[in-house]
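Okay, here's what each chain looks like letter by letter:
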Amino acid sequence: MDGIMLSDNLAINSLLWIRSLGAHELNPSRRMVEDLQTLAAADGFTFEEHVVECPEDLLALLGIIARRADEGLRPILHFDCHGSRSDGLLLEPSGEYLDWPRLADGLRAVNVATANNLCCVFGVCFGLHMSFELRLSKPSPYYLTIAPEQEILVGQLEQSTLPFYREVFSSGNITSAYSKVLRPDLKLFHCKEVFARALATYIANNCVGRAAKRRQERMVTEILQQDGIVSPSSEQLREARAKIKAALAPSQTIIDQFAPTFLIGREPGFGYPELRKLADGYIRLKQARANI
(Lines give C-alpha, C1' and ligand atoms only; values in the text may rest on other atoms or scores of the structure.)
Protein backbone atom coordinates (compact mmCIF):
# COMPACT_ATOMS: atom_id res chain seq x y z
CA MET A 1 0.00 0.00 0.00
CA ASP A 2 1.91 2.99 -1.34
CA GLY A 3 5.18 1.89 0.27
CA ILE A 4 3.67 0.92 3.62
CA MET A 5 4.30 -2.75 4.40
CA LEU A 6 1.60 -4.45 6.47
CA SER A 7 2.66 -7.74 8.02
CA ASP A 8 1.92 -9.42 11.32
CA ASN A 9 1.66 -12.76 13.01
CA LEU A 10 -1.93 -13.95 12.94
CA ALA A 11 -3.32 -16.91 14.91
CA ILE A 12 -6.40 -18.76 13.64
CA ASN A 13 -7.63 -21.94 15.29
CA SER A 14 -11.30 -22.11 14.36
CA LEU A 15 -13.99 -21.24 11.84
CA LEU A 16 -17.38 -20.17 13.20
CA TRP A 17 -20.16 -20.15 10.61
CA ILE A 18 -22.97 -17.77 11.64
CA ARG A 19 -26.15 -18.35 9.65
CA SER A 20 -29.40 -16.43 9.48
CA LEU A 21 -31.42 -17.34 6.40
CA GLY A 22 -34.98 -18.13 5.41
CA ALA A 23 -35.99 -21.79 5.08
CA HIS A 24 -36.12 -21.54 1.27
CA GLU A 25 -32.44 -20.51 1.15
CA LEU A 26 -30.89 -23.25 3.25
CA ASN A 27 -29.76 -25.76 0.62
CA PRO A 28 -26.65 -23.88 -0.61
CA SER A 29 -25.74 -23.02 2.98
CA ARG A 30 -26.06 -26.63 4.07
CA ARG A 31 -23.87 -27.81 1.20
CA MET A 32 -21.14 -25.32 2.14
CA VAL A 33 -21.36 -26.32 5.80
CA GLU A 34 -21.09 -30.03 4.97
CA ASP A 35 -18.02 -29.35 2.83
CA LEU A 36 -16.39 -27.34 5.61
CA GLN A 37 -17.17 -29.95 8.25
CA THR A 38 -15.37 -32.53 6.10
CA LEU A 39 -12.44 -30.16 5.58
CA ALA A 40 -12.23 -29.41 9.31
CA ALA A 41 -12.16 -33.09 10.19
CA ALA A 42 -9.37 -33.72 7.68
CA ASP A 43 -7.27 -30.64 8.51
CA GLY A 44 -7.80 -30.65 12.28
CA PHE A 45 -9.31 -27.22 12.90
CA THR A 46 -12.46 -26.43 14.87
CA PHE A 47 -15.62 -25.78 12.87
CA GLU A 48 -18.89 -24.65 14.43
CA GLU A 49 -22.21 -23.64 12.93
CA HIS A 50 -24.34 -21.13 14.85
CA VAL A 51 -27.88 -20.18 13.83
CA VAL A 52 -29.23 -16.79 14.89
CA GLU A 53 -32.74 -15.50 14.27
CA CYS A 54 -32.75 -11.87 15.44
CA PRO A 55 -30.34 -9.08 16.44
CA GLU A 56 -30.47 -10.07 20.11
CA ASP A 57 -29.38 -13.61 19.20
CA LEU A 58 -26.39 -12.37 17.23
CA LEU A 59 -25.26 -9.87 19.86
CA ALA A 60 -25.58 -12.53 22.57
CA LEU A 61 -23.53 -14.95 20.46
CA LEU A 62 -20.81 -12.36 19.93
CA GLY A 63 -20.68 -11.84 23.69
CA ILE A 64 -20.17 -15.58 24.20
CA ILE A 65 -17.46 -15.64 21.51
CA ALA A 66 -15.69 -12.72 23.22
CA ARG A 67 -15.61 -14.63 26.51
CA ARG A 68 -14.27 -17.72 24.72
CA ALA A 69 -11.64 -15.56 23.04
CA ASP A 70 -10.40 -14.60 26.51
CA GLU A 71 -9.69 -18.33 26.93
CA GLY A 72 -7.80 -18.71 23.65
CA LEU A 73 -10.37 -18.94 20.84
CA ARG A 74 -8.98 -17.27 17.70
CA PRO A 75 -11.74 -17.53 15.12
CA ILE A 76 -12.64 -16.57 11.63
CA LEU A 77 -16.27 -15.46 11.80
CA HIS A 78 -18.14 -16.24 8.58
CA PHE A 79 -21.52 -14.51 8.24
CA ASP A 80 -24.02 -16.36 6.04
CA CYS A 81 -27.01 -14.05 5.71
CA HIS A 82 -28.23 -11.04 3.73
CA GLY A 83 -27.34 -7.40 4.07
CA SER A 84 -28.43 -3.90 3.15
CA ARG A 85 -26.20 -0.94 2.38
CA SER A 86 -28.24 1.31 4.66
CA ASP A 87 -29.82 -1.04 7.21
CA GLY A 88 -27.15 -3.64 8.08
CA LEU A 89 -27.53 -7.41 8.45
CA LEU A 90 -30.93 -8.98 7.79
CA LEU A 91 -31.63 -11.72 10.32
CA GLU A 92 -34.24 -14.42 9.65
CA PRO A 93 -36.90 -15.44 10.46
CA SER A 94 -37.47 -12.27 12.52
CA GLY A 95 -36.95 -10.04 9.46
CA GLU A 96 -35.12 -7.54 11.66
CA TYR A 97 -31.90 -5.75 10.80
CA LEU A 98 -28.84 -5.37 12.98
CA ASP A 99 -27.40 -2.05 11.86
CA TRP A 100 -23.73 -1.74 10.99
CA PRO A 101 -22.77 0.39 14.04
CA ARG A 102 -24.22 -2.12 16.52
CA LEU A 103 -22.59 -4.98 14.66
CA ALA A 104 -19.26 -3.13 14.80
CA ASP A 105 -19.65 -2.71 18.56
CA GLY A 106 -20.35 -6.44 18.99
CA LEU A 107 -17.33 -7.40 16.92
CA ARG A 108 -15.17 -4.83 18.71
CA ALA A 109 -15.57 -6.74 21.98
CA VAL A 110 -14.44 -9.95 20.28
CA ASN A 111 -11.47 -8.27 18.62
CA VAL A 112 -10.33 -6.73 21.90
CA ALA A 113 -10.51 -10.16 23.54
CA THR A 114 -8.39 -11.64 20.74
CA ALA A 115 -5.85 -8.78 21.00
CA ASN A 116 -6.67 -7.62 17.46
CA ASN A 117 -6.66 -11.05 15.86
CA LEU A 118 -10.26 -11.31 14.61
CA CYS A 119 -10.90 -12.16 10.96
CA CYS A 120 -14.39 -11.74 9.50
CA VAL A 121 -15.77 -13.00 6.20
CA PHE A 122 -19.13 -11.70 5.05
CA GLY A 123 -21.01 -13.76 2.47
CA VAL A 124 -23.35 -10.80 2.59
CA CYS A 125 -24.33 -8.20 0.02
CA PHE A 126 -22.87 -4.83 1.01
CA GLY A 127 -20.95 -6.45 3.88
CA LEU A 128 -18.04 -4.12 3.24
CA HIS A 129 -20.14 -1.22 4.54
CA MET A 130 -19.47 -2.45 8.07
CA SER A 131 -15.91 -1.26 7.50
CA PHE A 132 -17.17 2.30 7.23
CA GLU A 133 -18.23 2.19 10.88
CA LEU A 134 -14.69 2.60 12.16
CA ARG A 135 -13.58 5.30 14.60
CA LEU A 136 -9.90 5.82 15.36
CA SER A 137 -10.82 6.73 18.93
CA LYS A 138 -12.22 3.20 19.45
CA PRO A 139 -10.65 -0.25 19.04
CA SER A 140 -10.95 -1.69 15.55
CA PRO A 141 -13.77 -4.25 15.27
CA TYR A 142 -11.51 -6.61 13.32
CA TYR A 143 -7.96 -7.34 12.31
CA LEU A 144 -9.16 -7.90 8.76
CA THR A 145 -12.49 -8.34 7.05
CA ILE A 146 -13.38 -9.77 3.65
CA ALA A 147 -16.70 -8.86 2.07
CA PRO A 148 -18.46 -7.93 -1.16
CA GLU A 149 -19.02 -4.25 -1.77
CA GLN A 150 -22.01 -4.83 -4.04
CA GLU A 151 -24.57 -7.56 -4.57
CA ILE A 152 -23.09 -11.04 -4.98
CA LEU A 153 -24.76 -14.24 -6.15
CA VAL A 154 -24.98 -17.23 -3.83
CA GLY A 155 -23.55 -19.36 -6.66
CA GLN A 156 -20.35 -17.30 -6.59
CA LEU A 157 -20.07 -17.78 -2.84
CA GLU A 158 -20.73 -21.51 -3.00
CA GLN A 159 -18.12 -21.94 -5.72
CA SER A 160 -15.38 -20.10 -3.84
CA THR A 161 -16.00 -20.84 -0.14
CA LEU A 162 -14.50 -24.33 0.11
CA PRO A 163 -11.40 -23.52 -2.03
CA PHE A 164 -10.82 -20.39 0.05
CA TYR A 165 -10.88 -22.14 3.41
CA ARG A 166 -8.89 -25.08 2.07
CA GLU A 167 -6.19 -22.59 1.09
CA VAL A 168 -6.44 -20.74 4.44
CA PHE A 169 -5.86 -23.84 6.55
CA SER A 170 -3.29 -25.45 4.26
CA SER A 171 -1.15 -22.33 3.85
CA GLY A 172 -1.87 -20.65 7.19
CA ASN A 173 -2.11 -17.34 5.34
CA ILE A 174 -5.56 -15.77 4.99
CA THR A 175 -4.41 -12.80 2.89
CA SER A 176 -2.71 -15.11 0.39
CA ALA A 177 -5.82 -17.29 0.26
CA TYR A 178 -7.93 -14.21 -0.39
CA SER A 179 -5.68 -13.12 -3.26
CA LYS A 180 -5.74 -16.56 -4.86
CA VAL A 181 -9.44 -17.35 -4.51
CA LEU A 182 -11.69 -14.39 -3.66
CA ARG A 183 -10.20 -11.37 -5.38
CA PRO A 184 -11.70 -9.34 -7.09
CA ASP A 185 -15.27 -10.42 -6.27
CA LEU A 186 -14.73 -9.64 -2.60
CA LYS A 187 -12.66 -6.88 -1.03
CA LEU A 188 -10.22 -7.14 1.88
CA PHE A 189 -9.93 -4.43 4.53
CA HIS A 190 -6.95 -4.61 6.88
CA CYS A 191 -7.12 -2.61 10.11
CA LYS A 192 -3.64 -1.17 9.60
CA GLU A 193 -4.46 -0.08 6.07
CA VAL A 194 -7.68 1.52 7.31
CA PHE A 195 -5.68 3.26 10.04
CA ALA A 196 -3.04 4.58 7.63
CA ARG A 197 -5.55 5.78 5.06
CA ALA A 198 -7.72 7.51 7.68
CA LEU A 199 -4.74 9.42 9.10
CA ALA A 200 -3.42 10.31 5.64
CA THR A 201 -6.85 11.61 4.61
CA TYR A 202 -7.03 13.70 7.79
CA ILE A 203 -3.61 15.22 7.07
CA ALA A 204 -4.49 15.92 3.44
CA ASN A 205 -7.81 17.55 4.33
CA ASN A 206 -6.91 19.44 7.50
CA CYS A 207 -3.18 19.94 7.94
CA VAL A 208 -1.91 21.45 4.69
CA GLY A 209 -2.94 24.19 2.29
CA ARG A 210 -5.90 26.55 2.65
CA ALA A 211 -7.81 24.23 4.99
CA ALA A 212 -4.88 24.27 7.42
CA LYS A 213 -4.62 28.06 7.27
CA ARG A 214 -8.34 28.49 7.96
CA ARG A 215 -8.09 26.09 10.89
CA GLN A 216 -5.03 27.89 12.27
CA GLU A 217 -6.69 31.29 12.04
CA ARG A 218 -9.82 30.01 13.75
CA MET A 219 -7.76 28.61 16.61
CA VAL A 220 -5.68 31.80 16.85
CA THR A 221 -8.89 33.78 17.33
CA GLU A 222 -10.12 31.32 19.96
CA ILE A 223 -6.87 31.36 21.93
CA LEU A 224 -6.68 35.16 21.94
CA GLN A 225 -10.28 35.39 23.12
CA GLN A 226 -9.56 32.93 25.91
CA ASP A 227 -6.71 35.19 27.01
CA GLY A 228 -9.08 38.19 26.97
CA ILE A 229 -7.31 39.84 24.00
CA VAL A 230 -9.92 41.57 21.82
CA SER A 231 -7.63 43.77 19.70
CA PRO A 232 -4.30 41.91 19.44
CA SER A 233 -1.12 43.63 18.42
CA SER A 234 0.95 42.43 15.49
CA GLU A 235 3.39 40.81 17.91
CA GLN A 236 0.60 39.00 19.77
CA LEU A 237 -0.83 37.70 16.48
CA ARG A 238 2.61 36.56 15.34
CA GLU A 239 3.26 34.68 18.59
CA ALA A 240 -0.19 33.07 18.63
CA ARG A 241 0.10 31.95 14.98
CA ALA A 242 3.54 30.45 15.57
CA LYS A 243 2.29 28.57 18.61
CA ILE A 244 -0.81 27.19 16.83
CA LYS A 245 1.14 26.32 13.68
CA ALA A 246 3.63 24.28 15.72
CA ALA A 247 0.85 22.58 17.68
CA LEU A 248 -1.11 21.62 14.56
CA ALA A 249 1.83 20.50 12.43
CA PRO A 250 1.36 16.77 11.68
CA SER A 251 4.07 14.49 13.04
CA GLN A 252 4.68 11.04 14.51
CA THR A 253 2.49 12.20 17.39
CA ILE A 254 -0.68 11.68 15.36
CA ILE A 255 0.20 7.99 14.91
CA ASP A 256 1.22 7.55 18.53
CA GLN A 257 -1.99 9.16 19.75
CA PHE A 258 -4.41 6.78 18.04
CA ALA A 259 -2.49 3.54 17.38
CA PRO A 260 -2.59 2.01 20.89
CA THR A 261 -6.39 2.21 21.05
CA PHE A 262 -7.37 1.48 17.46
CA LEU A 263 -4.81 -1.27 16.86
CA ILE A 264 -5.22 -2.73 20.37
CA GLY A 265 -1.52 -2.90 21.07
CA ARG A 266 -0.28 -3.95 17.64
CA GLU A 267 2.47 -1.86 16.08
CA PRO A 268 1.29 0.26 13.13
CA GLY A 269 4.11 -0.94 10.91
CA PHE A 270 4.80 2.54 9.51
CA GLY A 271 6.07 5.89 10.72
CA TYR A 272 5.34 9.51 9.88
CA PRO A 273 7.56 9.67 6.75
CA GLU A 274 5.56 6.85 5.12
CA LEU A 275 2.29 8.37 6.28
CA ARG A 276 3.19 11.79 4.89
CA LYS A 277 4.10 10.21 1.55
CA LEU A 278 0.63 8.66 1.43
CA ALA A 279 -1.00 11.97 2.40
CA ASP A 280 0.97 13.82 -0.29
CA GLY A 281 -0.38 11.35 -2.84
CA TYR A 282 -3.92 12.19 -1.74
CA ILE A 283 -3.15 15.90 -2.01
CA ARG A 284 -1.87 15.51 -5.57
CA LEU A 285 -4.99 13.50 -6.45
CA LYS A 286 -7.25 16.23 -5.05
CA GLN A 287 -5.38 18.88 -7.01
CA ALA A 288 -5.60 16.87 -10.23
CA ARG A 289 -9.34 16.40 -9.80
CA ALA A 290 -9.81 20.11 -9.09
CA ASN A 291 -8.09 20.94 -12.39
CA ILE A 292 -10.30 18.68 -14.50
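None of the values given here were measured: they were computed from a predicted structure. (Residues numbered from 1 in each chain as written. Predicted model: local features only at pLDDT ≥ 70, side-chain atom pairs only at ≥ 80, totals over all residues. Heavy atoms only, no water.)

**As for the overall build of the protein**
Filter applied, for reference: Numbering of helices and strands starts at the N terminus; helices are DSSP runs of H or I of at least 4 residues and strands are runs of E of at least 2. The buried label goes to any residue with under 20% of its type's maximum accessible area, the exposed label to any with over 50%, and the partly exposed label to all in between, with areas taken from a 1.4 Å probe on protein chains only. Two residues form a contact once any of their heavy atoms are found within 4.5 Å. Areas reported as accessible are Shrake-Rupley estimates using a 1.4 Å probe. Residue values count occlusion only from the protein chains shown.
In terms of regular secondary structure, the protein is built from 10 helices and 9 strands. For the protein, the proportion of its 292 residues judged to be buried stands at 47%. For the protein, the proportion of contacts with a sequence separation of at least 24, taken over those separated by at least 6, is 74%. By element, 50% of the accessible surface of the protein is carried by carbon and sulfur atoms, the whole surface being about 14700 Å².

**Here's the deal with the pairing of strand S2 (residues 46–51)**
To keep it simple, the criterion reads: Strands pair, by our definition, only if DSSP identifies at least two bridges between them. By convention a crossover is right-handed if, when the strands point away from the viewer, the path from the first strand over the helix to the second runs clockwise.
Examined bridge by bridge, strand S1 (residues 14–19) and S2 share 6 bridges and lie parallel to one another. Within S2, the residue paired with Ser14 across the bridge is Thr46. For the segment spanning S1, helix H1 (residues 26–43) and S2, crossover handedness is right-handed.

**Regarding the pattern of salt bridges**
Filter applied, for reference: Whenever a carboxyl oxygen of Asp or Glu lies within 4 Å of a side-chain nitrogen of Lys or Arg, that contact is scored as a salt bridge.
All chains considered together, the criterion is met by 9 salt bridges. Where Glu49 meets Arg19, a salt bridge forms, and the shortest distance between an N and an O atom there is 2.9 Å. Placement of Glu49 in strand S2 and of Arg19 in strand S1 is noted, with a sequence separation of 30 residues between them. Overall, the relative accessible area of 32% leaves Glu49 in the partly exposed class. Taking the shortest distance from any N to any O, the salt bridge between Arg197 and Glu193 comes out at 3.1 Å.

**Structural notes on helix H6 (residues 191–206)**
Residues lying three or four places apart along an α-helix face the same way, a consequence of the helix completing one turn every 3.6 residues. Filter applied, for reference: Helix span, as expected, comes to 1.5 Å for every residue beyond the first.
With 16 residues, H6 extends 22 Å from end C-alpha to end C-alpha; this agrees with the ideal 22 Å at 1.5 Å per step. Cys191, Lys192, Val194, Phe195, Ala196, Leu199, Ala200, Ile203 and Ala204 are the residues of H6 that are buried. Buried residues in H6 make contact with strand S9 (187–190), helix H9 (252–262) and helix H10 (272–290).

**Re the sheet that holds strand S6 (residues 96–98)**
To keep things clear, this is the line we draw: Interaxial angle, 0 to 180 degrees, is taken between N-to-C directions of lines fitted to C-alpha atoms, where a helix line uses only the stretch in contact.
Taken in spatial order, the 3 strands of this open sheet run S4-S5-S6, and their pairing is antiparallel. Every interior strand has two partners, whereas the edge strands, strand S4 (82–84) and S6, have only one. Averaged over all adjacent pairs, the angle separating strand axes in this sheet is 40 degrees, with direction ignored. Where S4 meets strand S5 (residues 88–91), 3 bridges bridge the pair, whose relative direction is antiparallel. Looking at S5, one finds that His82 is bridged to Leu90. Strands S5 and S6 of the sheet are contacted by helix H2 (residues 55–70), whose axis makes an angle of about 35 degrees with S6.

**Structural notes on the confidence of the model for the protein**
Worth spelling out the cut-off: pLDDT: the predictor's confidence for each residue, scored from 0 to 100.
Across the protein, pLDDT averages 90, with 94% of residues at or above 70. Averaged pLDDT values over the elements of the protein bottom out at 84 in helix H7 (residues 209–226) and peak at 98 in H2. Scored below 50 in pLDDT, residues 1–5 shows 11 contacts in the model against residues more than four places distant or in partner chains.

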